[in-house]
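Descriptive analysis of the structure
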Amino acid sequence: ADCRYTCHQECRSLIQLDCRRPGQCQGQLSPENTLLSPCSQNVTQTVEEKPEPLTIQEIKQKIEKYNAKVTNCLLMKLNDDGTYTGFIKVHLKLRRPVTVPAGIRPQSIYDALREVNLADMTAKRTSFYLPLDAVKQLHISSSTTVSEVIQGLLKKFMVVDNPQKFALFKEMRKDGQVLFQKLPLTEFPLYLRLLAGPDTDVLSFVLKENETGEVEWDAFSIPELQNFLMILDKEEKDKIQQVHRKYERFKQRLQQTLKEARGKPG
């Protein structure tokens, strides 16, 4: 609450905070508190309780309330069996290139209706960067999981990379801060959208690369892994050259200083 420190939820166990101002966070610090004091827990992670499942009547009321706030035509619709459908927008914030089929035309409405997978029409592959922060709108149901949303997004962009390389996050704004939380694959995004309302400033969805520590390396092909090694090797050589240049400059300055000092009396 005082230092405004934030970090990824997965990084919580790595954070060491030395809070010297008791009472600034929700928990009162004591001499016994060490790394995982109540203060650091509140700063690094917000514990969320799983809400109780809604009844059909509660879902109906929330949908009516949701639709009343919608300023466009993207309404939610309740079905007779208690499920419902609606729209979510997903921001793509991918910083690494994706793999797509080479020489394939964009998917047409006819292909989509026939569920034609254009990626299967050629074995040739190429890589390119998707526009940063591109937005894709999806029409899903209340039973659509995060895993299915990720697969649907990759299919729309004809990305043939393994879905395990990606993760869906929910982005929230609170007290002037932007918070990200990775969603489990079994979560239902439309349910979260219903609870938060249509305002994307309150809640939005973001597709990002999976955290490095959670990447399934078996999902990568041999050429991709070899490419990673080449990049790491190049970065290592560049770093070595930077260190050599740094100490070479220090050496020249010392030699120049010694030379000047020898020419002075005393």
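Since we're looking at a predicted model, the values are computed, not measured.

When its secondary structure is counted, the protein shows six helices and eight strands. Ordered by position in the sequence, the α and β elements of the protein form the string α-α-β-β-β-α-β-β-α-β-β-α-β-α. For the protein, the proportion of its 266 residues judged to be buried stands at 29%. Relative to all contacts within the protein whose residues are 6 or more apart in sequence, the contacts with residues 24 or more apart total 67%.

So, on to the packing of aromatic side chains. Applying the stated criterion to the full structure yields one aromatic pair. Centroid distance tyrosine 247 to phenylalanine 250: 5.9 Å. Interplanar angle 85°. Geometry classified as edge-to-face. Here tyrosine 247 and its partner phenylalanine 250 are both found in helix α6 (residues 222-262), three residues apart, which amounts to about one turn of the helix. Over the face of the ring belonging to phenylalanine 157 we find lysine 136, whose NZ or CZ atom lies 5.7 Å from the ring centre. Sitting over the face of the ring of phenylalanine 180, lysine 208 holds its NZ or CZ atom 4.5 Å from the ring centroid.

This part takes up a nonpolar patch on the surface. A cluster of nonpolar residues, Val243, Tyr247 and Phe250, forms a patch on the protein surface that exposes about 290 Å² of accessible area. The class of valine 243 is partly exposed, set by a relative accessible area of 37%.

Backbone geometry at methionine 158 places phi at a positive 55°, although glycine is not the residue there. Topologically, methionine 158 is positioned in the loop between α4 (146-156) and β6 (166-174).

Pairing of β6 with strand β8 (residues 204-209), which is carried by six bridges, proceeds in the antiparallel orientation. The residue bridging leucine 168 from the neighbouring strand is leucine 207, located in β8. Here six bridges tie β6 to strand β7 (residues 177-182), and the two strands are oriented antiparallel to one another. In the sheet register, glutamate 171 faces β7, and the bridge partner there is phenylalanine 180. Once β6 ends, the chain turns through two residues before running back antiparallel as β7, passing aspartate 175 with a positive phi of about 55°.

What follows deals with helix α2 (residues 56-69). In an α-helix there are 3.6 residues to a turn, and that puts residues three or four apart on one side. Under the 1.5 Å per step criterion, the end-to-end length of α2 is 20 Å for 14 residues, consistent within 8% with the ideal 20 Å. All buried positions along α2 are accounted for by Ile59, Ile63 and Tyr66. The buried side chains of α2 occupy one side of the element, clustering within an arc of 65° when seen end-on. The exposed set on the far side of α2, more than 90 degrees from its buried face, consists of Lys65 and Ala68.

Side chains of Lys239, Arg245, Lys246, Arg249 and Arg253 sit close together on the surface and give a patch of like positive charge. Mapped onto the elements of the fold, arginine 249 is located in helix α6.

Turning next to the pattern of salt bridges. Throughout the structure, instances matching the rule amount to five salt bridges. In this structure, lysine 165 and aspartate 161 form a salt bridge, with 3.2 Å as the shortest nitrogen-oxygen distance. Residue aspartate 161 is classed as buried on the basis of its relative accessible area, which comes to 9%. Between lysine 234 and aspartate 238 there is a salt bridge, and its shortest N-O distance comes to 3.1 Å. Note that lysine 234 and aspartate 238 are positioned in helix α6 at a spacing of four residues, about one turn of the helix. Among the charged side chains, a salt-bridge network with shared partners connects Lys93, Glu171 and Arg173.

It is worth spelling out the side chain of asparagine 210 at this point. Following the sequence through the fold, asparagine 210 ends up in the loop between β8 and α6. The exposure class of asparagine 210 is buried, given its relative accessible area of 11%. Looking at asparagine 210, its side chain comes within polar contact range of the side chain of lysine 182, at 2.8 Å.

Another aspect to go through is the nonpolar core. Ranked by internal contacts, the top residues of the largest apolar core, which has 31 residues, are Val90, Leu168 and Leu207. Among the elements of the structure, α2, β2 (84-92), β3 (98-101), β5 (134-141), α4, β6, α5 (189-196) and β8 are those that each provide at least two residues to this core. In terms of residue count, the dominant contributor to this core is α4 (five residues). The residues touching leucine 168, leaving out its near neighbours within four places in the chain, are Val90, Val146, Val149, Ile150, Gln181, Lys182, Leu183, Pro189, Phe205, Val206 and Leu207.

The rules behind the values
- Residues numbered from 1 in each chain as written.
- Predicted model: local features only at pLDDT ≥ 70, side-chain atom pairs only at ≥ 80, totals over all residues.
- Heavy atoms only, no water.
- Helix = DSSP H or I, 4+ residues; strand = E, 2+ residues; numbered from the N terminus.
- Buried < 20%, exposed > 50% of the residue type's maximum accessible area, 1.4 Å probe, protein only.
- Contact = heavy atoms within 4.5 Å.
- Phe/Tyr/Trp six-rings, centres within 6.5 Å; stacked < 30°, edge-to-face > 60°.
- Lys NZ or Arg CZ within 6 Å of the ring centre and 35° of its normal.
- Patch = residues over 30% accessible without salt bridge, like charges linked within 9 Å, V, L, I, M, F, W, Y side chains within 5 Å.
- Areas by Shrake-Rupley, 256 points an atom, 1.4 Å probe, with all protein chains shown as cover.
- Salt bridge = Lys/Arg side-chain N within 4 Å of Asp/Glu carboxyl O.
- Pairing = 2+ DSSP bridges.
- Expected span 1.5 Å × (residues − 1).
- Arc of directions from axis to C-beta.
- Lys, Arg positive; Asp, Glu negative; His and termini not counted.
- Charge placed at Lys NZ, Arg CZ, Asp CG, Glu CD.
- Polar contact = N/O pair within 3.5 Å; in protein donor to acceptor, adjacent residues only side chain to side chain.
- Core = buried A, V, L, I, M, F, W, Y, C linked by side-chain atoms within 4.5 Å.

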